[in-house]
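A structural walkthrough
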Amino acid sequence: MDDRQFRQAMGKFATGVTVITTEVDGEAHGMTANAFMSVSLVPKLIVISVGERAQMLEKIKQSKKFAVNILSGEQQEYSMLFAGQIKEKREVNFDRLADLPVLTGAIAQVACEVVNEHVEGDHTLFIGKVIDLQVEEEEPLLFFNGKYRSLTPEESFSK
Ligand code: FAD
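An account of the accompanying structure is given in this report. Quantities reported herein were computed from a predicted structural model and do not represent experimental measurements.

In this section: the site of the ligand. The environment of the ligand is formed by 26 residues, the closest being T32, S49, G51, Q55 and M56. Between the ligand and A28 there is a distance of 2.9 Å, counted from a nitrogen atom to a backbone nitrogen or oxygen. Within the contact set of the ligand, an oxygen atom lies 3.3 Å away from a backbone nitrogen or oxygen of A83. Summarising the interface, the protein chains cover 77% of the accessible area of the ligand, which totals 990 Å² for the free molecule. Secondary structure elements with two or more residues in the shell around the ligand: β3 (27–33), β5 (45–51) and α2 (55–63). Per-element tally for the shell around the ligand: the top contributor is β3, with 6 residues. Here the shell around the ligand is built from residues that sort into 14 nonpolar, 10 polar and 2 charged.

Definitions and cut-offs
- Positions within a chain are numbered from 1, following the residues in the order the chain's sequence is written.
- In view of the model being predicted, local features appear only for residues whose pLDDT reaches at least 70, and side-chain atom pairs are presented and counted only at 80 or more, with totals across whole chains, interfaces and linings using the full set of residues.
- Based on all heavy atoms of the structure, the side-chain values leave hydrogens and waters out of the count.
- Proximity criterion: a residue is near a molecule or strand once any of its heavy atoms comes within 4 Å of it.
- Under the rule applied, a polar contact is a pair of N or O atoms within 3.5 Å (in protein, one hydrogen donor and one hydrogen acceptor; residues adjacent in sequence only if both atoms are side-chain atoms).
- The method behind every accessible area is Shrake-Rupley, applied with a 1.4 Å probe, and residues are considered shielded solely by the protein chains displayed.
- Only DSSP runs of H or I covering at least 4 residues are called helices, and only runs of E covering at least 2 are called strands; the numbering of each starts at the N terminus.
- Under this grouping Gly is polar, as are all residues other than the nonpolar Ala, Val, Leu, Ile, Met, Phe, Trp, Tyr, Cys and Pro and the charged Asp, Glu, Lys and Arg.

So this is what it looks like as structure tokens:
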């Protein structure tokens, strides 16, 4: 089994897209991530997985908190920007939630304190205890097979 095959298989799992945000010394940093999962209801815990080469790793280790911004169908550009796929610098105006920078227009903003971290292979899993959240009724941005998708009536299987 090679890396390409593994990536291809994992890409068959359709997900939403998030931007993880945090702040160190008053400077906001964002990173696109789809390795995000709800872990526990009591207490309210979630997990994210951050690669060893991502700048975000050291930022979260320092700040000990982060927010998960679940992107709307209108926010593909944010996903590309915070994945480093748009090369030119862009000015982003962040909102605030629980003293963290969050993205305006995200369909959910979930602010967390890090309560645990586990290094597994080339990624670190951060367990976040949810301290505040905000939800909007908008359609999500989706990611499947390495491509962005949207949840339109034509593409859904509900009929
Ligand atoms: P950088 O590469 O330094 O920053 C990323 C980009 O965000 C840069 O272009 C930077 O200019 C911009 N940026 C950061 N902060 C700001 C700011 N305040 N204002 C304006 N621009 C800013 N990687 C993982 O580790 N885990 C995952 O779960 C994961 N899922 C992914 C899902 C998708 C759909 C995609 C496309 C990528 C995913 N990645 C994931 C890869 C990850 O997004 C990239 O490797 C990313 O570039 C790593 O970010 P970084 O922290 O190293 O920061």
